[in-house]
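The chain contents come next:
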Amino acid sequence: MEFVPNIIGFACQWCTYAGADLAGNLRCKYPPTVKLIKVPCSGRVKPEYVMQALAQGADGVLVGGCHFGDCHYKDGNHKTKNRMDMLKSMLGDLGFDPRRFRREWISGAEGKKFAEVITDFTKELIELGPNPLKGGENNG
Amino acid sequence: MAKVGVYVCHCGSNIGGVVDVEDVCKHAETLSDVVVSRQNLFMCSDPGQEIIRQDINNGLVDKVVVAACTPRTHEPIFRKVLEGEGLNKYLFEMANIRDQDSWVHANDKAGATAKAKQIVASAVAKARNLQPLEDKYVDVTKAALVIGGGVAGIFAALDLANMGNKVYLVEKEPSIGGVMAQLDKTFPTNDCSACILTPVMVDAGTHPNIELLTYSEIDSVEGYIGNFDVKIRRKQAYVDWEKCTGCGACADACPAKTPDAFNAGLNNRGAAYIHFPQAVPKKAVIDMTHCINCGGRKIGSEPKISKKTGNPILAPCEKACPAGAINRSVAVDEGGRIMDVKVGAIVVATGYKVMEKENFKNLAPDSPNVLTALQLERLISATGPTGGQFLRPGDGKKPHTISFLSCVGSRDERHHTHCSRVCCMYMIKQAKLLKEKYPDLEIYMHFMDVRTPGKDFDEYYTGAIDMGINIIRGRVGGIDTLPEGNLRVMGYDSDLAANIEIDADLVVLATAIELQDDIKPFAQKLSLTLDGSGFFKELHPKLKPVDTPVEGIFLAGCCQGPKDIPDTVAQAKGAAASAAVPLSQGRVRINPTISEVNQEKCSGCGICEPLCPYAAISMIENVAGHPRARIEMTQCKGCGVCTTACPSTAIQLYGYTEDQIMAQICALTA
């Protein structure tokens, strides 16, 4: 059977979640791989959640926040950047290809960008194959 | 054990046409704690809501999941259903299977159905872990802030003030009036802009409930709906407004010269100036960045004494002022002074600007005979630099041929993709006014399309054709300068399917409407966001056109998108009505999805305290004298940054708890 990556996306309700809704309004097309978990701010996402998702077999994880200067809570996204960039640098040592994790800034006006990010991420995950814990090759 | 009911919406064919709703329902029934799953053509309709009501009423379900559109628009509707049946409204979760599924995966029905099942499973997993939450209320300050004193801000302020609210109307320029005060006449009735605007400006200036704060800017906005703390910077005018009578003697005496922004840079004004003759309030200011300090002394220093006369040597502005309002010997703070106000609601009506012609290198911007439409507006206005005489700026000659270019910077991927909406109509207006006054004038108008969607608008346009104004369909590629200041317009005529060249004495560019260059830092002060075209983003394009993501802050006028005067006034009145809701309710709800510290689990490390963007966390001592974090309910906005950082998991963000998010991760990886 064809491999369809399973992507879990943590989406800030003000930007990326709204951007995903806008992609719907604009009828942008992208593969049905991503499922969003709505959070008030990307600063609510613990790096542990990303690890938990990968450990439970998600093929890819996305954390979507606001562009710098656009945070609804002033600077939550700066904290996201620090936390997530640190996590990304550690993923390889933890046995996961860092490309399985993306931290993206997608605003509520960027419906098209949301669709493009998911399309691109899906393509990359298909190349990487399934999560190593779900029978994929350990390419970490 | 929870009793979860799952209700799947077809949304007509929006969802049902792509997702196999029957299959999603069946799958939902296999999920833990789901006691029933049902479907309806429109779950948000009354019959749809009734299904949920009955199940709650019959004791069948105690937690509700609706799989439909986005919670951003429909969550409040369904929460009300729960509330109506006596169930805590926070025991509700939405699965977004339309905007984020059926609408974007219409080409992959099996994939969309599989994704819908996962989204529903995630929502059910969260719903199983939901806890009832209690709304809290705080009192409201019965006052409003209106930012921007253009026609939108004036009407919003007047409506709010007439409803009995105290209103602070803040304007950065020395006078209210905005762009409308710069216009000569207004379409489609050709009535004089000043004649209809100035009486309203006076109303706003004299209203007992309106405090006019012109020559002022917003320094900071803190707080939340019902209780915003606003710092307003009253810019330093260097003129005592208590004494100034607006006579203009200082402006006449001032030898400095700087382009007059009110006349779109067509002439110069002094550093001491009055904004425009009909200004409200009519007060002078001295613009220190352009003051040449002709008196030769610093502000705050005593004048030299003339050896001849024994009198102090005063600067011309000081000397000219008959009211003694200008005293350069007084040391004043050049930053102005900060004024603190407390308001319950805010209307943002900060207006717009038009693009400068310098942005269009191919359209001979250096020629003085190429004007923006706003410059032409000033040129033909009775209060303009020529007193309304139509003379071209290059040489003061009367033009014989004039070309209008539409969509300059609008509908153009190199600049703005949006349509500026008012240009077609105001160009036709300007052409008609000129043709009426000077019937010999040859007028050519280059349009991409003519857009006249408004009451009496198209009749206005056909009237222009009847007058003998030449309408050309097609774009202009460039303008060449010819000897004697003339211009050659090179374009395309799509009706002739040929390139054309027209020599003109004067060219008018209808440049795009955009927001001011410094709008981003301003938006950040209010936590507002901009849309793809760079205008303020409303909460919902159709149903919440004046609301913003920040509760208690509303939008009016062109800052939300290009619009004409009737639409601006209508929106301003809408924004005023919306802003009046919390003010008249007297109290507002505090969202309970905020963070709380479990004092038993808190180790007192203090990591959370500096992270909070609202300084809502303080360290207090518990009974044993150990430090413990505490979150002030009214200050917390529920971002969860502290929750994420707490190493003891002592901080809980209600609505987005650890259990709930972990359950969703499990459901999505099952």
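Now for a quick tour of the structure. Everything numeric here is computed off the predicted structure, so don't read it as measured data. (Residues numbered from 1 in each chain as written. Chains lettered and ligands numbered in written order. Predicted model: local features only at pLDDT ≥ 70, side-chain atom pairs only at ≥ 80, totals over all residues. Heavy atoms only, no water.)

1. Thoughts on the overall build of chain B
Turning to step 1, where the next piece is worked out: Assigned secondary structure in chain B consists of 17 helices and 34 strands.
Turning to step 2, where the next piece is worked out: For chain B, buried positions account for 55% of its 670 residues.
Turning to step 3, where the next piece is worked out: Within chain B, contacts between residues at least 6 apart in sequence are counted, and of these 68% link residues at least 24 apart.
Turning to step 4, where the next piece is worked out: Roughly 28,500 Å² of accessible area belongs to chain B as shown, and the carbon and sulfur atoms make up 50% of that amount.
Turning to step 5, where the next piece is worked out: Here chain B holds 70 positive side-chain charges and 78 negative ones, and the gap between their average locations is 4 Å. (Helix = DSSP H or I, 4+ residues; strand = E, 2+ residues; numbered from the N terminus. Buried < 20%, exposed > 50% of the residue type's maximum accessible area, 1.4 Å probe, protein only. Contact = heavy atoms within 4.5 Å. Areas by Shrake-Rupley, 256 points an atom, 1.4 Å probe, with all protein chains shown as cover. Lys, Arg positive; Asp, Glu negative; His and termini not counted. Charge placed at Lys NZ, Arg CZ, Asp CG, Glu CD.)

2. Brief notes about unusual backbone geometry
All names here are of chain B.
Turning to step 1, where the next piece is worked out: In this structure, P188 follows F187 across a cis peptide bond, with omega equal to -5°.
Turning to step 2, where the next piece is worked out: Note on placement: P188 falls in the loop between β8 (185-186) and β9 (191-192).
Turning to step 3, where the next piece is worked out: A cis amide bond links V280 to the next residue, P281, at an omega of -5°.
Turning to step 4, where the next piece is worked out: Positive phi outside glycine occurs at Y215, with the angle close to 50°.
Turning to step 5, where the next piece is worked out: Mapped onto the secondary structure, Y215 falls in the loop between β10 (210-213) and β11 (216-224).
Turning to step 6, where the next piece is worked out: Looking at Y215, the relative accessible area reads 11%, which means it is buried.
Turning to step 7, where the next piece is worked out: In the Ramachandran plot, E484 falls in the positive-phi region, its phi being about 65° despite a non-glycine side chain.

3. Some points on the pattern of salt bridges
Turning to step 1, where the next piece is worked out: Within this structure, the stated rule accounts for 42 salt bridges over all chains.
Turning to step 2, where the next piece is worked out: We note a salt bridge from R103 of chain A to D85 of chain A, for which the minimum N-O separation is 3.2 Å. Linking R103 of chain A in strand β4 (residues 101-105) with D85 of chain A in helix α3 (residues 76-91), this pair joins segments that are 18 residues apart in sequence.
Turning to step 3, where the next piece is worked out: On the accessibility criterion, D85 of chain A (26% relative accessible area) is partly exposed.
Turning to step 4, where the next piece is worked out: Between D495 of chain B and R473 of chain B there is a salt bridge whose closest N-O contact spans 3.4 Å. With a gap of 22 residues between them, D495 of chain B in the loop between β25 (487-493) and β26 (498-504) and R473 of chain B in strand β23 (residues 470-473) connect regions that are remote in the sequence.
Turning to step 5, where the next piece is worked out: With a relative accessible area of 53%, D495 of chain B lands in the exposed category.
Turning to step 6, where the next piece is worked out: Judged by relative accessible area, which is 44%, R473 of chain B ranks as partly exposed. (Salt bridge = Lys/Arg side-chain N within 4 Å of Asp/Glu carboxyl O.)

4. Quick word on the packing of helix α11 (residues 423-437) of chain B against helix α12 (residues 457-466) of chain B
Residue and element names in this part refer to chain B.
Turning to step 1, where the next piece is worked out: Where α11 meets α12, the closest approach of the two axes is 10 Å, and the angle between their N-to-C directions is 40°. On the basis of the axis angle, α11 is oblique to α12. The handedness of the crossing between α11 and α12 comes out as left-handed. In contact with M425, I428, K429 and K432 of α11, α12 contributes F457, Y460, Y461, G463 and A464.
Turning to step 2, where the next piece is worked out: Classifying every residue of the contact of α11 with α12 gives 6 nonpolar, 1 polar and 2 charged. (Axes fitted to C-alpha atoms, helices over the stretch in contact; angles between N-to-C directions. Parallel < 35°, antiparallel > 145°, perpendicular 65-115°, else oblique. Left-handed = near helix turned anticlockwise from the far one by under 90°. Nonpolar A, V, L, I, M, F, W, Y, C, P; charged D, E, K, R; others polar.)

5. Describing the packing of aromatic side chains
Turning to step 1, where the next piece is worked out: Within this structure, the stated rule accounts for 9 aromatic pairs over all chains.
Turning to step 2, where the next piece is worked out: Of note, K432 of chain B hangs over the ring of Y460 of chain B, and the distance from its end group to the ring centre comes to 4.1 Å. (Phe/Tyr/Trp six-rings, centres within 6.5 Å; stacked < 30°, edge-to-face > 60°. Lys NZ or Arg CZ within 6 Å of the ring centre and 35° of its normal.)

6. Brief notes about the interface of chain B and chain A
Turning to step 1, where the next piece is worked out: Residue-level contacts link 52 residues of chain B with 47 residues of chain A.
Turning to step 2, where the next piece is worked out: Across the interface of chain B and chain A, roughly 4,300 Å² is buried in total on both sides, 57% from carbon and sulfur atoms.
Turning to step 3, where the next piece is worked out: Put simply, chain B and chain A have 4 salt bridges between them.
Turning to step 4, where the next piece is worked out: K74 of chain A serves as the salt-bridge partner of E222 of chain B, at 3.4 Å between the closest nitrogen and oxygen. (Buried area = accessible area lost by both parts, 1.4 Å probe.)

7. Section: a nonpolar patch on the surface
Turning to step 1, where the next piece is worked out: On the surface, a cluster of nonpolar side chains totalling about 290 Å² of accessible area is made up of M86, M90 and L94 of chain A.
Turning to step 2, where the next piece is worked out: Its location among the elements puts M86 of chain A in helix α3. (Patch = residues over 30% accessible without salt bridge, like charges linked within 9 Å, V, L, I, M, F, W, Y side chains within 5 Å.)

8. Regarding the sheet that holds strand β29 (residues 553-555) of chain B
All names here are of chain B.
Turning to step 1, where the next piece is worked out: Spatial ordering of the open sheet is given by β10-β7-β6-β18-β29, a layout of 5 strands whose pairing is parallel. With partners counted over all chains shown, the strands left at the sheet margins are β10 and β29, one partner each. Going from strand to strand, the sheet's axes swing by 20° on average, the running direction of each strand aside.
Turning to step 2, where the next piece is worked out: Both strand β6 (residues 143-147) and strand β7 (residues 166-170) contribute to a ladder of 5 bridges, which runs parallel. What sits directly across from V146, in β7, is L169. (Pairing = 2+ DSSP bridges.)

9. Some points on the pairing of strand β1 (residues 4-9) of chain B
Residue and element names in this part refer to chain B.
Turning to step 1, where the next piece is worked out: In terms of burial, β1 is largely enclosed, as 6 of its 6 residues are buried.
Turning to step 2, where the next piece is worked out: Relative to strand β2 (residues 34-40), β1 runs parallel, the two being bridged by 6 bridges. Bridging from a neighbouring strand, V4 pairs with V34 of β2.
Turning to step 3, where the next piece is worked out: Handedness of the crossover joining β1 and β2 through helix α1 (residues 21-29) is recorded here as right-handed.
Turning to step 4, where the next piece is worked out: With 5 bridges joining them, β1 and strand β3 (residues 63-68) adopt parallel strand pairing. Within β3, the position partnered with Y7 by the bridge is V66. (Right-handed = clockwise from strand over helix to strand, strands pointing away.)

10. Brief notes about the environment of D55 of chain B
Residues and elements named next belong to chain B.
Turning to step 1, where the next piece is worked out: Tracing the chain through its elements places D55 in helix α2 (residues 46-57).
Turning to step 2, where the next piece is worked out: With relative accessibility at 3%, the residue D55 sits in the buried group.
Turning to step 3, where the next piece is worked out: Expressed as a C-alpha distance, the spacing of D55 and G5, which sit 50 residues apart in the sequence, is 8.0 Å.
Turning to step 4, where the next piece is worked out: Non-local contacts of D55, meaning those with residues more than four positions away in its chain, are made with Y7, V36, R38, L60 and V61.

11. Regarding the pairing of strand β1 (residues 7-12) of chain A
All names here are of chain A.
Turning to step 1, where the next piece is worked out: Among the 6 residues that make up β1, 6 are buried, leaving the element largely enclosed by the rest of the structure.
Turning to step 2, where the next piece is worked out: Burial along β1 is two-sided: I7, G9 and A11 and I8, F10 and C12, pointing in opposite directions, are all buried.
Turning to step 3, where the next piece is worked out: When β1 meets strand β3 (residues 60-65), the two strands line up parallel, connected through 5 bridges. Among the inter-strand pairings, G9 is bridged to a residue of β3, identified as L62.
Turning to step 4, where the next piece is worked out: Looking at chain direction, β1 and strand β2 (residues 34-39) are connected through 6 bridges and run parallel. Counterpart to I7 in the pairing with β2 is V34.
Turning to step 5, where the next piece is worked out: For the crossover from β1 across helix α1 (residues 16-25) to β2, the handedness is right-handed.

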